[in-house]
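A look at the structure
Given next are the chains, with one letter for each unit.
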Amino acid sequence: MKKIILAAINARYTHSCLALYCLKSALRGIDVEAVVREFSINRNAEEIMQSLVSEKADVIALSVYIWNSALVRKLIPALHEQCGDALLVLGGPEVSYNPASWLEAFPFIDFIVTGHGEEGLKVLAEKGFRGGKKIIALPNPHFNQMPFPYTEEDLEGLRTRYIYYESSRGCPFRCAYCLSSRSDQNLELKNVETVKAELNLILRKGPRLVKFVDRTFNADLDHSRAIWRYLLEKHGGGPATFHFEIHPHLLDEEDFEILSRARRDCSSSRRGSSPRTRKPWPQ
Ligand code: SF4
């Protein structure tokens, strides 16, 4: 059985990388051992490299984002040298729009999985990471069909860190400077009843901060209002703080009425604060 390390370098220790858990869940049912390993950019490339080498994996899959791209560029030549037998796979937004230039700069990369990645990595794993093209560009099924990314064990391990969750993928807007405006990033919503059930699984573990990474959470008003109402009614008195990225210009009186029912707390996601420290807003 092949051992696959799904690795990411997060911007802070408290952050976690939702993509890795999505990829791990996409590999369920395939005869591989998928292991999530998360680092923070405060660790140097040598430390991260040694940690990955010590895993003796068959495949190392690295998630590349804007905040870790420079470190990944520094890391992968050494990783290739030290783990010569392990296959190196890259994925994530930073390699998805320009995979050819990454392959040109680092020809030893075995595969680059573009786009959301679950289907691409799954098919690659099913084929035993053998042969074919180096750039794997396979569309996912509709987001509504994607499995819940976390296991009980994952949620337990993330209880004191930020838990990321998405109730939709893609964005209907086309801001020229943003990767989420690409034509392969169309808005796809998860069924609200599924979202409620998944949030219950997360909140059962008592996390302090749940961050929705929906690109524009209120892009579909029926969807966002149904989730806000549910959280306020069922979990409004709980310890969790919820973070949403929204478009303010889409808010109207109905949203203000719903949101006015939320507890008046200082967001624990403010810069420099930890998910464990919460102070009241000044009255
Ligand atoms: S995610 Fe935000 S910045 Fe990006 S396209 Fe959508 S609205 Fe624009």
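In this report, the structure presented in the accompanying data block is examined.

1. Let's talk about the overall build of the protein
Secondary structure assignment for the protein yields 10 helices and 11 strands. Computed over C-alpha atoms, the radius of gyration of the protein comes to 20 Å, within 12% of the 19 Å expected from 2.2 N^0.38 for 283 residues, which places it in the range of a compact globule. Once the C-alpha set of the protein is aligned to its principal axes, its extents read approximately 60 × 35 × 35 Å. For the protein, the residues scored as buried account for 49% of the 283 residues in total. Contacts in the protein between residues far apart in sequence, at least 24 positions, make up 69% of those at least 6 positions apart. When the accessible surface of the protein is totalled, it reaches about 14100 Å², and 52% of it is carbon and sulfur. Taken as two groups, the 38 positive and 35 negative side-chain charges of the protein have centres that lie 4 Å from each other.

2. Regarding helix α2 (residues 45-54)
Those residues of α2 lying buried are Ala45, Ile48, Met49 and Leu52. The buried side chains of α2 occupy one side of the element, clustering within an arc of 100° when seen end-on. Contacts from the buried residues of α2 go to β1 (2-10), β2 (32-40), β3 (59-63) and α3 (69-82). For α2, the N-terminal cap is Asn44; the gap from its side-chain oxygen to the backbone nitrogen of Glu46 is 3.2 Å.

3. Side note on the layout of surface pockets
Empty space within the largest pocket amounts to approximately 1300 Å³. Elements with a minimum of two residues in the lining of the largest pocket: β1, α1 (18-26), β3, β4 (87-91), α4 (93-96), α6 (118-126), β8 (168-169) and β10 (209-212). Here the element with the most residues in the lining of the largest pocket is α1; it accounts for 5 residues. Here the residues of the lining of the largest pocket are counted per class, giving 24 nonpolar, 15 polar and 9 charged.

4. Notes on the environment of Gly131
Mapped onto the fold, Gly131 is located in the loop between α6 and β6 (135-136). With 65 residues separating them along the chain, Gly131 and Lys196 place their C-alpha atoms 41 Å apart.

5. Description of the pairing of β2
In terms of strand pairing, β1 meets β2 through 9 bridges, oriented parallel. Directly across from Asn10, in β2, lies its bridge partner Ser40. Taking the sense of rotation as the criterion, the β-α-β connection linking β1, α1 and β2 turns out right-handed.

6. Quick notes on the pattern of salt bridges
One pass over the structure, following the stated rule, counts 19 salt bridges. Between Arg169 and Glu166 there is a salt bridge; the shortest N-O distance is 2.8 Å.

7. Concerning the sheet that holds strand β11 (residues 241-243)
Strand order in the open sheet made by the 3 strands is β7-β10-β11, with parallel pairing throughout. The sheet is open, and its two borders are formed by β7 (163-165) and β11, each paired with just one other strand. Strand-to-strand, the axes of this sheet are offset by a mean angle of 25°, without reference to chain direction. The sheet contacts of helix α8 (residues 192-203) involve β7, β10 and β11, and relative to β7 the element is tilted by about 175°.

The rules behind these values
Residues numbered from 1 in each chain as written. Predicted model: local features only at pLDDT ≥ 70, side-chain atom pairs only at ≥ 80, totals over all residues. Heavy atoms only, no water. Helix = DSSP H or I, 4+ residues; strand = E, 2+ residues; numbered from the N terminus. Rg over C-alpha atoms; globule rule 2.2 N^0.38 Å. Buried < 20%, exposed > 50% of the residue type's maximum accessible area, 1.4 Å probe, protein only. Contact = heavy atoms within 4.5 Å. Areas by Shrake-Rupley, 256 points an atom, 1.4 Å probe, with all protein chains shown as cover. Lys, Arg positive; Asp, Glu negative; His and termini not counted. Charge placed at Lys NZ, Arg CZ, Asp CG, Glu CD. Arc of directions from axis to C-beta. Polar contact = N/O pair within 3.5 Å; in protein donor to acceptor, adjacent residues only side chain to side chain. 1 Å grid on protein atoms, 1.4 Å probe; cavity = no way out; pocket = protein on both sides within 12 Å on 5 of 7 lines; lining within 4 Å. Points joined across faces, edges and corners; volume = space filled by probe spheres on them. Nonpolar A, V, L, I, M, F, W, Y, C, P; charged D, E, K, R; others polar. Pairing = 2+ DSSP bridges. Right-handed = clockwise from strand over helix to strand, strands pointing away. Salt bridge = Lys/Arg side-chain N within 4 Å of Asp/Glu carboxyl O. Axes fitted to C-alpha atoms, helices over the stretch in contact; angles between N-to-C directions.

Remember, this is a structural readout, not a statement about activity or role.
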